[in-house]
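Chain and residue survey
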Amino acid sequence: GEQVEQLPSILRVQEGSSASINCSYEDSASNYFPWYKQEPGENPKLIIDIRSNMERKQIQELIVLLDKKAKRFSLHITDTQPGDSAMYFCAASAGTGANTGKLTFGHGTILRVHP
Amino acid sequence: DMKVTQMPRYLIKRMGENVLLECGQDMSHETMYWYRQDPGLGLQLIYISYDVDSNSEGDIPKGYRVSRKKREHFSLILDSAKTNQTSVYFCASSFQYAEQFFGPGTRLTVL
């Protein structure tokens, strides 16, 4: 099955700076790459996603980049705020065949934004 | 208001007891999922259900089974729970294979 590696596991940044989280995947059939944010004690919530027909997507301060050739995708948070502190998960889904609809998650990145 | 609900929210069981975790959604989503979340391991897919009585194993199905008799309801069953099944369990649902909406989670402790 698909494997997703996510780095770093912990990320500390100063308020106002940028934060970047990187993920890689193995299955070239993967075509959907969502990012979820999880606050302590809460459920994961989708913050942005990208499909394989795009290389870049931006929603406000969130930027997602996808490099299909290298099988890498990344999340960039510009102008970080203390409210961005949370656990972030990347995921990949093949959406075809026996793996249809199955998301494989990275192990998560704890982001701490310091004032 | 789109919502995924889970019951119970907290559960303590003894090793060997049976466990039933229930999930409901009010969005008429065909696809539903059960995950477990453990520190450092992220979310691992246990089972996926494509619709009523159409279930498929995820990455870690051993020790679990599921039931989906109504589109809005998806159950996770642990027959003879083990201590290594102590975890936080999340149910999710999606319209086809788009955004997954997660429930609030069930924290299960098996003693």
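What this report covers is the structure whose coordinates are included nearby. (Residues numbered from 1 in each chain as written. Chains lettered and ligands numbered in written order. Predicted model: local features only at pLDDT ≥ 70, side-chain atom pairs only at ≥ 80, totals over all residues. Heavy atoms only, no water.)

**A look at the overall build of chain A**
Scanning chain A for helices and strands turns up zero helices and 11 strands. Going from N to C terminus, chain A has its helices and strands arranged as β-β-β-β-β-β-β-β-β-β-β. Computed over its C-alpha atoms, the radius of gyration of chain A comes to 14 Å, within 12% of the 13 Å expected for a compact globule of 115 residues. Taking the principal axes of the C-alpha coordinates as reference, chain A spans close to 45 × 30 × 20 Å. Scored against the burial criterion, the 115 residues of chain A give a buried share of 46%. Put simply, of all contacts in chain A between residues at least 6 apart along the chain, 54% involve residues at least 24 apart. Of the roughly 5600 Å² that chain A leaves accessible, carbon and sulfur atoms contribute 48%. Averaging the coordinates of the 12 positive side-chain charges in chain A and doing the same for the 13 negative ones gives two points 4 Å apart. (Helix = DSSP H or I, 4+ residues; strand = E, 2+ residues; numbered from the N terminus. Rg over C-alpha atoms; globule rule 2.2 N^0.38 Å. Buried < 20%, exposed > 50% of the residue type's maximum accessible area, 1.4 Å probe, protein only. Contact = heavy atoms within 4.5 Å. Areas by Shrake-Rupley, 256 points an atom, 1.4 Å probe, with all protein chains shown as cover. Lys, Arg positive; Asp, Glu negative; His and termini not counted. Charge placed at Lys NZ, Arg CZ, Asp CG, Glu CD.)

**Some points on the interface of chain A and chain B**
Counting residues at the interface gives 18 residues for chain A, matched by 21 residues for chain B. A combined buried area of about 1600 Å² lies between chain A and chain B, and 55% of that area is made up of carbon and sulfur atoms. Three residues, Lys102(A), Phe105(A) and His107(A), lead the burial of chain A against chain B; their summed loss comes to 28% of the area buried on that side. Counting every contact that joins chain A to chain B gives zero salt bridges. For the interface between chain A and chain B, the tally reads six residue pairs in polar contact (both at pLDDT 80 or more). Elements supplying a minimum of two residues to the side of chain A that touches chain B: strand E4 (32-38), strand E5 (45-51) and strand E10 (103-105) of chain A. Taken together, the residues of the side of chain A that touches chain B break down into eight nonpolar, seven polar and three charged. (Buried area = accessible area lost by both parts, 1.4 Å probe. Salt bridge = Lys/Arg side-chain N within 4 Å of Asp/Glu carboxyl O. Polar contact = N/O pair within 3.5 Å; in protein donor to acceptor, adjacent residues only side chain to side chain. Nonpolar A, V, L, I, M, F, W, Y, C, P; charged D, E, K, R; others polar.)

**Some points on the pattern of salt bridges**
Within the structure shown, the criterion is met by six salt bridges over all chains. Note that Glu39(A) is salt-bridged to Lys37(A), the shortest N-O span being 3.7 Å. We classify Lys37(A) as buried; its relative accessible area is 16%. Between Lys69(B) and Asp53(B) there is a salt bridge whose closest N-O contact spans 3.0 Å. Here Lys69(B), found in strand E7 (residues 65-70), pairs with Asp53(B), found in the loop between strand E5 (42-51) and strand E6 (54-57); they are 16 residues apart in sequence, far enough to count as distant. For the pair Lys69(B) and Asp53(B), one class covers both residues: exposed.

**A short note on the environment of Val4(B)**
Residues and elements named next belong to chain B. The topology assignment puts Val4 in strand E1 (residues 4-7). The buried category is assigned to Val4, whose relative accessible area is 8%. A C-alpha to C-alpha distance of 26 Å links Val4 and Glu17, two positions 13 residues apart in sequence. Beyond its immediate chain neighbours, meaning those up to four positions away, Val4 contacts Cys23, Gly24, Gln25, Met27, Cys91, Ser93, Phe101, Phe102, Gly103 and Pro104.

**Focus: unusual backbone geometry**
At the junction of Leu7(A) and Pro8(A), the peptide bond is cis and its omega measures out at 0° in the coordinates. Structurally, Pro8(A) is set in the loop between strand E1 (4-7) and strand E2 (10-14). Cis geometry is adopted by the peptide bond preceding Pro8(B), which originates at Met7(B) and carries an omega value of -10°. In this structure, Pro8(B) sits in the loop between E1 and strand E2 (10-13). Positive phi is not limited to glycine here, since Ser28(B) has a value of about 55°. As for its position among the elements, Ser28(B) is in the loop between strand E3 (19-25) and strand E4 (31-38).

What is shown is where atoms sit, not what they do.
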